[in-house]
Amino acid sequence: MLAAPGRRSLVVGDINSIGLGYPEPDWDRLPPHLLNGHLRSPGREAVSDREAVELLARAGFVDASVPVHKETVATAAFGEGDVPRRQDLILQSPDMAAAQVDYQVHKQTVDRELSDHAAVSADYDLRRLGQAA
């Protein structure tokens, strides 16, 4: 419903699911006790669990990183021994995507050792949305 025509919706945050356009990380680098929060359930192929973003994409949500070709820029896991990945996402309904003018990954928090996640932001020109329905 939130991605239906006429809806102006955003899903923003640390989704704990890798973005659809991000290449499969080398999970062999991560200790086994940390894998369960990242891989598909046992008995399935040992690849990233992207089910949450796959469901949102199927519902119509669009990743804000795609129009600016930043879908492969890591946003998380910059600590030693961790696996860089993009799990801090901004997903938008198609109607909201029409107003997007920018998207950025801000690594200052990582560079200053304040977090192992980079912040993401998107800018919108709400005039592009036209008249309210």
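Just so it is clear, the model here is predicted, and its values are computed rather than measured. Once a new chain begins, its residue numbering starts again from 1 and follows that chain's sequence as written. Where totals are concerned, whole chains, interfaces and linings use all residues; where local detail is concerned, this predicted model gives features only for residues with pLDDT of at least 70, and gives and counts side-chain atom pairs only at 80 or more. For the side-chain quantities, the full set of heavy atoms in the structure was used; hydrogens and water were omitted.

Enquirer: What exactly am I supposed to notice about the side chain of Arg86 here?
Expert: Under the scheme used here, helices are H or I runs from DSSP no shorter than 4 residues and strands are E runs no shorter than 2 residues, and both carry numbers assigned from the N terminus. Mapped onto the secondary structure, Arg86 falls in the loop between strand E2 (62-63) and strand E3 (88-92). A simple rule labels every residue: compare its accessible area, found with a 1.4 Å probe on the protein chains alone, to the largest value its type can have, and call it buried under 20%, exposed over 50%, or partly exposed in between. Overall, Arg86 belongs to the buried group, its relative accessible area being 0%. The term polar contact refers here to a pair of N or O atoms within 3.5 Å; inside protein, the definition further demands a hydrogen-donor-capable atom paired with an acceptor-capable atom, and it admits residues adjacent in sequence only when both atoms are side-chain atoms. Side-chain polar atoms of Arg86 contact the side chain of Ser65, separated by 3.4 Å.

Enquirer: What is the right way to read the nonpolar core from this model?
Expert: One broad trend across soluble globular proteins is that nonpolar side chains are buried collectively. To define a nonpolar core, start from buried Ala, Val, Leu, Ile, Met, Phe, Trp, Tyr and Cys residues and group those joined through side-chain atoms within 4.5 Å. Of all hydrophobic cores here, the largest spans eight residues; its members are Ile18, Tyr22, Trp27, Leu30, Leu35, Leu39, Ala74 and Val83. Excluding residues that lie within four positions of it along the chain, Trp27 makes contacts with Ile18, Leu35, His38, Leu39, Ser48, Val83 and Arg85. Core analysis: the second largest hydrophobic core is formed by seven residues, Ile90, Tyr103, Val110 and Ala122 among them. When checking whether two residues touch, look at their non-hydrogen atoms; a contact exists if any pair is within 4.5 Å.

Enquirer: I keep staring at empty space enclosed by the protein and nothing clicks. Help me out?
Expert: Empty space among the atoms can be located by rolling a probe the size of a water molecule over them. Both site types are read off a 1 Å grid over the protein atoms alone. A 1.4 Å probe that fits but cannot get out defines a cavity, while an open set with protein on both sides within 12 Å along at least five of seven lines defines a pocket; lining residues have an atom within 4 Å of a point. Grid points are joined across faces, edges and corners, and a volume is the space filled by probe spheres set on the points. As enumerated under the stated definition, the model contains one cavity of 30 Å³ or more in all. Its boundaries defined by the atoms lining it, the largest cavity holds a volume of some 40 Å³. In terms of lining residues, the largest cavity is bounded by Asn16, Ser17, Ile18, Trp27, Gly37, His38, Ser48, Asp49, Arg85 and Gln87. Residue polarity is assigned by list, with Asp, Glu, Lys and Arg as charged and Ala, Val, Leu, Ile, Met, Phe, Trp, Tyr, Cys and Pro as nonpolar; anything else, Gly included, falls into the polar class. Tallied by class, residues from the lining of the largest cavity come to two nonpolar, six polar and two charged.

Enquirer: Honestly, the pattern of salt bridges in this entry has me stumped. Any pointers?
Expert: If charged atoms from side chains of opposite charge come close, those side chains can pair. Here a salt bridge means any side-chain nitrogen of Lys or Arg lying within 4 Å of a carboxyl oxygen belonging to Asp or Glu. Counted under the stated rule, the structure contains five salt bridges. Between Glu24 and Arg50 there is a salt bridge, with the nearest N and O atoms lying 3.1 Å from each other. A residue pair is termed long-range when its members are at least 10 positions apart, and Glu24 in the loop between strand E1 (10-14) and helix H1 (51-58) and Arg50 in the loop between E1 and H1 qualify at 26 residues. Using a relative accessible area of 10% as the deciding quantity, one classes Arg50 as buried. Put simply, Arg127 and Asp125 hold a salt bridge, and the shortest N to O gap is 2.9 Å.

Enquirer: Looking at this structure, how should I read the environment of Trp27?
Expert: Structurally, Trp27 can be placed in the loop between E1 and H1. Note on Trp27: relative accessible area 7%, which makes it buried. Residues Trp27 and Pro84, spaced 57 residues apart in sequence, show a C-alpha to C-alpha distance of 9.8 Å.

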